[in-house]
Amino acid sequence: MTKSNPRTAARSKARAAARLGAVQALYQHDMEQTPVAQLLHEFHNHRLGAEIEDAQYAEADVDFFDDVVKGVLAREGEIDAAIAGKLASGWTLQRLDKPMKAILRCGTYELLARADVPTRAVITEYVDVAHAFYDKREAGFVNGLLDAIGKVARPL
């Protein structure tokens, strides 16, 4: 039996909070076209680790959050092409709702750009994020799509 490392557990929790925050930030950007600097400032100072409506948000890995948000926006065309290439026939990125696009974009970015994060961890984390917004069916969709992208982005 192995003991879990408290530092590793805290880092994992902080990264999970950063991922959820990144999805929320990118959703807001998609809805309101909030400039990136303003978006990051708002999340750093008012959302990540804050208490909102009696809910305490976990402290997030701010550097990781920034990397995911900036990375998705910088590589949006490449990311969207990767997602569109794995959608079922007849489906387009435009048919997906904005929270789903944000989840898939973040997960795809990590698969393309964050080789330091294992493929299974990326997929599992964004399936967990999907559960915060959707039912089991949509979380399964996130799992299948990110798995398909991961096989191309990170071939064995």
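Source: prediction; values computed, not measured.

Conventions and cut-offs
Residues numbered from 1 in each chain as written. Predicted model: local features only at pLDDT ≥ 70, side-chain atom pairs only at ≥ 80, totals over all residues. Heavy atoms only, no water. Helix = DSSP H or I, 4+ residues; strand = E, 2+ residues; numbered from the N terminus. Buried < 20%, exposed > 50% of the residue type's maximum accessible area, 1.4 Å probe, protein only. Contact = heavy atoms within 4.5 Å. Salt bridge = Lys/Arg side-chain N within 4 Å of Asp/Glu carboxyl O. Axes fitted to C-alpha atoms, helices over the stretch in contact; angles between N-to-C directions. Parallel < 35°, antiparallel > 145°, perpendicular 65-115°, else oblique. Left-handed = near helix turned anticlockwise from the far one by under 90°. Nonpolar A, V, L, I, M, F, W, Y, C, P; charged D, E, K, R; others polar. Core = buried A, V, L, I, M, F, W, Y, C linked by side-chain atoms within 4.5 Å.

K.L.:
Tell me about the side chain of Glu125, and please be specific about residues and values.
P.N.:
Here Glu125 shows up in helix H6 (residues 119–133). The exposure class of Glu125 is buried, given its relative accessible area of 16%. Once residues within four sequence positions are removed from consideration, Glu125 is found in contact with Ser12, Ala16 and Arg19.

K.L.:
Outline unusual backbone geometry, listing residues and values.
P.N.:
At Gln33, a residue that is not glycine, the phi angle is positive and equals roughly 55°. Within the fold, Gln33 resides in the loop between helix H1 (6–32) and helix H2 (36–46).

K.L.:
Describe the pattern of salt bridges, naming the residues involved and giving the relevant values.
P.N.:
What the rule picks out here adds up to 12 salt bridges. One salt bridge in this structure joins Arg15 and Asp116, with 3.8 Å as the shortest N-O distance. Residue Arg15 is located in helix H1, and its partner Asp116 is located in the loop between helix H5 (98–113) and H6; the two are separated by 101 residues in the primary sequence. A residue is classified by how much of its surface remains accessible, and Arg15, at 12% relative accessible area, is buried. Across the pair Asp80 and Arg105 runs a salt bridge, and its minimum N-O distance is 2.7 Å. You can see Asp80 sitting in helix H4 (residues 76–84) and its partner Arg105 sitting in helix H5, a full 25 residues away along the chain.

K.L.:
Could you give an account of the packing of H5 against helix H7 (residues 136–153), with specific residues and numbers?
P.N.:
Put simply, H5 and H7 touch, their axes get as near as 10 Å, and they point 25° apart. It follows that H5 is roughly parallel to H7 by the angle criterion. Handedness of the crossing formed by H5 with H7: right-handed. Contacts from Met100, Ile103, Leu104, Gly107, Thr108, Leu111 and Leu112 of H5 reach H7 at Glu138, Phe141, Val142, Leu145, Leu146, Ile149, Gly150 and Ala153. Tallied by class, the residues present in the contact of H5 with H7 amount to 11 nonpolar, three polar and one charged.

K.L.:
Describe the nonpolar core, and please don't skip the residues or the numbers.
P.N.:
Residues Phe65, Tyr126 and Val142 are the most contacted members of the largest nonpolar core, which totals 41 residues. Among the elements of the structure, H1, H2, helix H3 (62–74), H4, H5, H6 and H7 are those that each provide at least two residues to this core. Looking at this core element by element, the count peaks at seven residues for H5. Once residues lying within four places of it in the same chain are set aside, the contact partners of Tyr126 are Arg19, Val23, Val68, Ile103, Cys106, Gly107, Glu110, Val142 and Leu146.

K.L.:
Summarise the packing of H2 against H3; cite the residues concerned and give the values.
P.N.:
When two helices pack together, you describe them by how their axes are tilted relative to each other and by the distance separating the axes. Interaxial distance between H2 and H3 falls to 11 Å at its minimum, and their mutual angle equals 155°. Between H2 and H3, the angle falls in the class roughly antiparallel. Considering only the axes of H2 and H3, their crossing is right-handed. Contacts from Val36, Leu39, Leu40, Phe43 and His44 in H2 reach Val62, Phe65, Asp66, Val69, Lys70 and Leu73 in H3.

K.L.:
Could you give an account of the environment of Val68, with specific residues and numbers?
P.N.:
Considering the arrangement of structural elements, one finds Val68 in helix H3. Residue classification places Val68 among the buried positions, given a relative accessible area of 1%. Note: C-alpha distance between Val68 and Arg105 (37 residues apart in sequence) is 9.3 Å. Not counting residues up to four positions away in its chain, the partners in contact with Val68 are Ala22, Cys106, Tyr109, Glu110 and Tyr126.

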